[in-house]
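Examination of the molecular architecture
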Amino acid sequence: MAKSKKEIISIQRISKIYHLGETVVKALDDVSLSIYENDFISIMGPSGSGKSTLMNIIGCLDVPSKGVYKFNNELISEMNDSQLANIRNEKIGFVFQTFNLLPKLNSLQNVEVPLIYSSLGKTKRIERSQEALKIVGLSDRMTHKPNELSGGQRQRVAIARALVNKPSIILADEPTGNLDSKSGEEILNFFDELHKAGNTLIIVTHEESIAKRAQRRVELFDGKVALDE
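1. A closer look at the sheet that holds strand β6 (residues 92-95)
Judged by pairing direction, the sheet is mixed, and its six strands sit side by side in the order β6-β7-β8-β3-β9-β10 without closing on themselves. Strand pairing shows two members of the sheet lacking a second neighbour, β6 and β10 (224-228), which therefore form its edges. Averaged over neighbouring strand pairs, the angle between their axes works out to 20° when direction is ignored. In terms of strand pairing, strand β9 (residues 216-221) meets β10 through four bridges, oriented antiparallel. The residue of β10 that forms the bridge with Glu219 is Leu227. Running at roughly 150° to strand β8 (residues 201-204), helix α6 (residues 181-196) makes contact with β3 (40-44), β7 (169-173) and β8 of the sheet.

Below, the structure is given as structure tokens:
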């Protein structure tokens, strides 16, 4: 891998340990990973391999029990809740399997949600939201609510919402899991375009078709990195 690219995420020997009664569960065990600008990574592994735990830690939704996690060279362990919330809102664009759109809001309003916590005024927020929907090809669906959209369109609204803050990385969890094959293929083509445009993508998936398209493949097994190529 070209070392000249900027390192966005540095994970060094992190573990995540849960205590369930007297049982100790190591969800992650001594995992190290570096993610660079414009990487396109798939994270794979069987159920219980630790991939969801790793995704939650990368997304600052959880913290490791031990080890070092740096985001843009800043130590995550030294951040307070407010700083972590800022990273989740401004630096990471999340795309979920279930879309997580608010049913009473239209496409434009759903995309605007992350910007409400920023310092942007209303006019600028609407402009940025319109621009993000245009990028995903939904200029003609801005006033439609989620129940008026197909599954593929809903996922594209979710991607526009992830893009609207111009994040450092896009973190997607099984982004085609709830879609038919045609819609899933459209979303994968769109991820290819995002990567070509310079975005950094991390996709957690079971699907071989996504892993093949990624530039780099990380496989977890029993909480350890079994493959990184």
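2. A look at helix α1 (residues 51-58)
For α1, the tally of buried residues reaches six of eight residues, placing the bulk of the element in the interior. Taken as a whole, α1 has its buried residues at Lys51, Thr53, Leu54, Met55, Ile57 and Ile58. Downstream of α1 by one or two residues, Cys60 has phi in the positive range, about 60°.

About the cut-offs
Residues numbered from 1 in each chain as written. Predicted model: local features only at pLDDT ≥ 70, side-chain atom pairs only at ≥ 80, totals over all residues. Heavy atoms only, no water. Pairing = 2+ DSSP bridges. Helix = DSSP H or I, 4+ residues; strand = E, 2+ residues; numbered from the N terminus. Axes fitted to C-alpha atoms, helices over the stretch in contact; angles between N-to-C directions. Contact = heavy atoms within 4.5 Å. Buried < 20%, exposed > 50% of the residue type's maximum accessible area, 1.4 Å probe, protein only.

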